[in-house]
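Observations on the three-dimensional arrangement
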Amino acid sequence: MTDIQQDMAAAEAGDPAAAPVPAIELAGVVKEYHARGEVVPAVRGVDLSIAEGEFFALLGPSGCGKTTTMRMVAGFEDPTRGTVRLHGRDVTAVPPNRRDVNMVFQSYALFPHMNVWDNVAFGLRRRGLPREEVRRRVAETLEIVDLAGRERRRPRELSGGQQQRVALARALANRPRALLLDEPLGALDLKLRQAMQGELKRIQREVGITFVHVTHDQGEALAMSDRIAVMNDGRIEQLGPPREVYERPATRFVAGFIGTSNLLAGTVAEVVGDLAVLRAGEDGRVLLPAGDHLRPGGPVEITVRPEKISIETVEPVPGVSAVRGTVTDASYLGTANSYLVRLPEGTEFTVFEQNVHDSGLTARRGDTVWLSWQPQHSYAIGSRTPS
Amino acid sequence: MTSAAAGPDAAAPPHRGRRRPRWGDRLLRAYTWLVLAWLLAPVAVMIAFGFNDTRSKSNVSWQGFTTRWWGRLGDYPDLTAAVVNSLEIAAIATVVATALGTGMGVALGRYRFRGQGGTDLMMFAAISAPEIVMGASLLSLFVSLGVPTGFGTIVLAHVLFSVSFVAVTVRARVAGMDPAVEEAARDLGASAWAAFWRVTFPMILPGVLAGALLAFALSIDDFVITQFTGGATVTFPLWIYGAVRIGVPPQVNVLGTIIFGIGVLVAVLNAVAGRRRRG
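The numbering scheme is per chain: residues are counted from 1 as the chain's sequence reads. By the order in which they are written, chains take letters starting at A while ligands take numbers starting at 1. In view of the model being predicted, local features appear only for residues whose pLDDT reaches at least 70, and side-chain atom pairs are presented and counted only at 80 or more, with totals across whole chains, interfaces and linings using the full set of residues. Values shown for side chains rest on all heavy atoms present in the structure; no hydrogens or waters enter the calculation.

1. A look at the overall build of chain A
Filter applied, for reference: Think of it this way: any DSSP run of H or I at least four residues long counts as a helix, any run of E at least two long counts as a strand, and we number them from the N terminus. Only protein chains enter the area calculation, which uses a 1.4 Å probe; residues under 20% of their type maximum are buried, those over 50% are exposed, and those in between are partly exposed. What makes two residues a contact is simply this: any of their non-hydrogen atoms within 4.5 Å. Only four residue types enter the tally: Lys and Arg on the positive side, Asp and Glu on the negative side, with His and both chain ends excluded. Charge positions are represented by NZ for Lys, CZ for Arg, CG for Asp and CD for Glu.
Along the backbone of chain A there are nine helices and 20 strands. Taken across its 387 residues, chain A has 47% of its residues classed as buried. Partitioning the intrachain contacts of chain A with sequence separation of at least 6 by distance along the chain shows that 66% fall at a separation of at least 24. Considering chain A, the positive charge centre built from 46 side chains and the negative charge centre built from 49 side chains are found 8 Å apart.

Encoded structure:
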């Protein structure tokens, strides 16, 4: 950040000495429901700080608490404990109609008895803006979402993708400090979903508003977000940029939920220089960067992504991880080949091989093969080496 | 043998578009007309005898066509008073029952609360209780409380039995509504009050109107409960009942025809509006 930007951010916060105030801040937020005398926790303590202008994703399986977390930011759920702050202001007890954030609902929740124009103008009229201003902003927002010319249509006369953009325009027209999107692309088919991913990024750049995006689709989160919070069972398991979350999963859950992961447990045999060595089978070895926590004899669990692994029929060169196994399945997927390889101790590895050769599959079912990968692609779970 | 049996079928051209009506279709058509005739015959007779040129006090045998009764609607001042009573009672009961029932319907359809099951049960008890039981018990209630029976008690009773019908129709409409739509209104800066009137109410309006029509229809022709709770107040159905012994004048048929006509008109308007809403 340049000095000027820092000055501007500090000036906005009203305190020249302070760091920029986050757009959204959750501190120790817990949400519990009461059902038949039992306490059911939905969110078990979330601390989160989302910066101004960030495209942020809350990613997790259904029931992980991501939607509940977002609804607490919008004001539809009251936290059992903890604080919600928007631009430094405590809004924990403020009703949704007096919070400076707007939401795009999964079902779009358009007003069926109003046309597109009235839908988009709803928030502006509620705020009592002059008629000229309302007209100008509605036109401007419809232009951004590429819906100009459809002002008089009713929501049910529009396609799913168009309805989605009306929902987006209706929220954006208010120029909220942050936009909350609840599974915004969930109801669209694949082609449209991919097109809208790019569209959402473009709109976010254009309006420069903080976007918080709830999704269970890891591909969507990786493709669109600046940072991702991976949630599971009411907690944030890992928070970081897409690359870090994918390449350096903090927990087993993150490794398994985002992409395909191969897991291997073992004990450190020796530490040679800056590499730790694990033995795998009679003649196999796994190399990984030795952090402070890796000592000979200590248990370790590593993960390695399928596309980082090479599959070969001859023994690989020294200096890389190399394990021998038997191919249990080999499939041709068009852009890639996919193999399942059983290692001596019984674990199965998935391997992706880009389809760059016209020789077809490297190995067939039943073949004995060598798997190899670079030391830095072995990542010890539960340890967070600085990236 | 088998080839002979298969022969004509195989040779017949495949049926496309409209096929010849079969026995089942004809039977269904005949049955439909029969049911319609069964439903509408009494109404047709009522309308016809409003044009009957009868000379005696009884209006049961066809004497010839006349429109004279339509010009002499006001010949019986107590009949006119009874009709006015009925209309006033129905109007007040409809407004009150619709307001209360809409609130109940929204609450039951949207929220989970303590006592919901009990409210449900009470509503269905009110709908399914025999009128004679409700009428008799209301009368003993009013008498034991020392409430003088009359116009006011009729209105109370009519609100009581029609409110459940309104609540049930509104609840069905609310249950079919995405709760996120009201949240969206709140999110866009509407207070709870504004969100209800600008978004929820227009969306459930068809249900509210249907409930109101039901309440009006139930009230205007109620006899049993009105008989118990009416005291000295006479409504249209009560007047007809009293006139049966000395002969029902053709004016009753004319008034019945007018009420039926209004009902048909409202139904047609509702259908047209519904078609326009759906585009």
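2. Focus: the UniProt feature "domain: ABC transporter" (unreviewed entry) in chain A
Note the following rule: UniProt positions are given in the numbering used here, feature names are shortened, and annotations may be inferred rather than shown by experiment.
Residues annotated in UniProt with the feature "domain: ABC transporter" (unreviewed entry) correspond here to residues 24-258 of chain A. Helix makes up 36% of residues 24-258 of chain A and strand 28%, with an end-to-end C-alpha separation of 25 Å.

3. As for the packing of helix 4 (residues 77-110) of chain B against helix 11 (residues 236-243) of chain B
All names here are of chain B. Filter applied, for reference: In this description, a line fitted to the C-alpha atoms serves as the axis of each element, helices being fitted only across the stretch in contact, and the angle between N-to-C directions of two axes falls anywhere from 0 to 180 degrees. The residue classification treats Ala, Val, Leu, Ile, Met, Phe, Trp, Tyr, Cys and Pro as nonpolar and Asp, Glu, Lys and Arg as charged. All others, Gly included, are polar.
Contact geometry for helix 4 and helix 11: axes closest at 7 Å, N-to-C directions at 145 degrees. Here helix 4 contributes Asp78, Leu79, Ala82, Val83 and Ser86 to the contact with helix 11, which in turn contributes Phe236, Pro237 and Trp239. Looking at the contact of helix 4 with helix 11 residue by residue, the classes come out as six nonpolar, one polar and one charged.

4. Comments concerning unusual backbone geometry
Residues and elements named next belong to chain A. Positive phi, normally seen in glycine, also occurs at Arg36, with a value near 50 degrees. Among the structural elements, Arg36 can be located in the loop between strand 1 (24-35) and strand 2 (38-50). Residue class for Arg36 comes out exposed when judged on its relative accessible area of 83%. A positive phi angle is found at Ala109, which is not glycine, with a value near 50 degrees.

5. Section: the interface of chain B and chain A
How large an interface is tends to be reported as the accessible area lost when its parts come together. Rules: A simple way to read buried area is as the amount of 1.4 Å-probe accessible surface that goes missing from two parts once joined, with both sides added. Just to be clear on terms, a salt bridge is a Lys or Arg side-chain nitrogen sitting within 4 Å of an Asp or Glu carboxyl oxygen. The definition of a polar contact used here is a pair of N or O atoms within 3.5 Å, where within protein one atom must be able to donate a hydrogen and the other to accept one, and adjacent residues in sequence count solely through side-chain atom pairs.
The interface of chain B with chain A comprises 20 residues on the first partner and 24 residues on the second. Carbon and sulfur atoms supply 59% of the area buried between chain B and chain A, which totals about 1700 Å² over both sides. Area buried by chain B at its contact with chain A is led by Glu183, Asp187 and Leu188 of chain B, which between them contribute 38% of it. Taken together, the connections running from chain B to chain A amount to one salt bridge. At the boundary of chain B and chain A, one finds six residue pairs in polar contact (both at pLDDT 80 or more). Looking at the side of chain B that touches chain A, the elements with two or more residues in it are helix 8 (179-187), helix 9 (192-220) and helix 12 (250-278) of chain B. The leading source of residues in the side of chain B that touches chain A is helix 8 of chain B, at seven residues. A class-by-class count of the residues in the side of chain B that touches chain A yields ten nonpolar, three polar and seven charged.

6. Some thoughts on the sheet that holds strand 6 (residues 101-104) of chain A
Residues and elements named next belong to chain A. Keep this limit in mind: A pair of strands is considered paired only if DSSP assigns at least 2 bridges between the two.
Pairing is mixed in the open sheet, where six strands are placed in the order 6-7-8-3-9-10. The open sheet has two edge strands, strand 6 and strand 10 (235-240), and neither has a second partner. Pairs of neighbouring strands in the sheet enclose a mean axial angle of 20 degrees, with direction left out of account. In this sheet, strand 8 (residues 210-215) lies alongside strand 7 (residues 178-182) in parallel orientation, the contact comprising five bridges. When the sheet's bridge partners are listed, Ala178 is paired in strand 8 with Thr210. Relative to strand 6, helix 5 (residues 160-172) is tilted by about 175 degrees, and along the sheet it contacts strand 6, strand 7 and strand 8.

7. Some details on the side chain of Thr68 of chain A
Within the fold, Thr68 of chain A resides in helix 2 (residues 66-74). Not counting residues up to four positions away in its chain, the partners in contact with Thr68 of chain A are Lys31, Tyr33, Ala42 and Val43 of chain A.

8. What about the sheet that holds strand 1 of chain A?
Residue and element names in this part refer to chain A. Pairing is antiparallel across the open sheet formed by four strands, whose spatial order is 2-1-4-5. Lying at the two open borders of the sheet, with one neighbouring strand each, are strand 2 and strand 5 (89-90). Strand contacts of helix 2: strand 1, strand 2 and strand 4 (81-86), with the helix running at about 115 degrees to strand 1, the strand carrying the most contacts.

9. Here we look at helix 9 of chain B
Here is the rule: By definition here, a helix of n residues has an expected span of 1.5 Å times n minus one. Fitting axes to the seven residues ending at a residue and to the seven starting there, one defines the bend at that residue as the angle between these axes.
Under the 1.5 Å per step criterion, the end-to-end length of helix 9 of chain B is only 36 Å for 29 residues, more than 12% shorter than the ideal 42 Å. Where helix 9 of chain B bends most, at Leu205 of chain B, the angle is about 55 degrees, and the proline Pro206 of chain B comes one to four residues later.

10. Observations regarding the packing of aromatic side chains
This is how it is decided: When the centres of two rings from Phe, Tyr and Trp lie within 6.5 Å, Trp using its six-membered ring, the rings pair. Their planes under 30 degrees apart give stacked, over 60 give edge-to-face, and anything left gives tilted. Geometrically, a lysine NZ or arginine CZ counts as sitting over a ring once it is within 6 Å of the ring centre and also within 35 degrees of the ring normal.
For the structure on display, the rule yields 14 aromatic pairs over all chains. Here Phe349 of chain A and Trp373 of chain A contribute two aromatic rings whose centre-to-centre distance is 5.9 Å and whose plane-to-plane angle is 35 degrees, an arrangement assigned as tilted. With a gap of 24 residues between them, Phe349 of chain A in strand 18 (residues 348-354) and Trp373 of chain A in strand 19 (residues 368-373) connect regions that are remote in the sequence. Here Phe349 of chain A matches Trp373 of chain A in class, with each residue buried. Ring geometry for Phe196 of chain B versus Trp197 of chain B: centroids 5.1 Å apart, planes at 85 degrees, classification edge-to-face. Among the aromatic residues, those joined into a ring-pair cluster are Trp193, Phe196, Trp197 and Phe201 of chain B. Directly above the ring of Phe122 of chain A sits Arg126 of chain A, whose terminal nitrogen or CZ lies 5.7 Å from the centroid. For Arg68 of chain B, the ring lying beneath its charged end belongs to Trp69 of chain B, and the centroid distance is 4.3 Å.

11. A short note on the UniProt feature "domain: ABC transmembrane type-1" (unreviewed entry) in chain B
Per the UniProt record, "domain: ABC transmembrane type-1" (unreviewed entry) is found at residues 83-270 of chain B. Note that residues 83-270 of chain B is 82% helix and 0% strand, and that its end C-alpha atoms are spaced 25 Å apart.

12. Remarks on the domain arrangement of chain A
Residue and element names in this part refer to chain A. So the rule is basically this: Throughout, the edges of the domains are those of an automatic or database domain assignment.
Entries for chain A in the domain assignment read domain 1 (3-100 + 176-255) and domain 2 (261-376). The C-alpha centroid of domain 2 is placed 36 Å from the C-alpha centroid of domain 1. Contact residues are listed per partner, giving six residues for domain 1 and seven residues for domain 2. Together domain 1 and domain 2 conceal approximately 630 Å² of surface at their shared face, both sides included; 41% is due to carbon and sulfur atoms.

13. Considering the UniProt feature "transmembrane region" (unreviewed entry) in chain B
Residues and elements named next belong to chain B. Sites flagged by UniProt as "transmembrane region" (unreviewed entry) map to residues 28-51, 89-109, 121-145, 151-174, 195-220 and 254-273. Between the end C-alpha atoms of residues 28-51 the distance is 34 Å, and the span holds 92% helix and 0% strand. Taken end to end, residues 89-109 comprises 100% helix and 0% strand; its first and last C-alpha atoms sit 29 Å apart.

14. Some words on the pairing of strand 16 (residues 321-332) of chain A
All names here are of chain A. Bridge analysis of strand 16 against strand 19 gives six bridges, and the strand direction is antiparallel. By the bridge assignment, Thr326 is partnered in strand 19 with Thr368. Strand direction decides the pairing type here: strand 16 and strand 17 (residues 336-342), joined by six bridges, are antiparallel. Bridge pairing in strand 17 links Asp329 to Leu340. Counting the residues in the hairpin turn of strand 16 and strand 17 gives three residues, including Gly334, whose phi is positive at 95 degrees.

15. With respect to the nonpolar core
Cut-off, in case you're wondering: Here the nonpolar core consists of buried residues drawn from Ala, Val, Leu, Ile, Met, Phe, Trp, Tyr and Cys, with membership extended through side-chain atoms lying within 4.5 Å.
Ile24, Phe111 and Leu180 of chain A are the most contacted members of the largest nonpolar core, which has 52 residues in total. Among the elements that line this core, the one with the most residues is helix 9 of chain B, at eight residues. Look past the residues within four positions of Leu180 of chain A in its chain and what remains in contact with it is Ile24, Met70, Val73, Ala74, Val101, Asn102, Met103, Val104 and Val212 of chain A. Grouped together as the second largest cluster of nonpolar side chains are 33 residues, Val104, Val134, Val166 and Met196 of chain A included.

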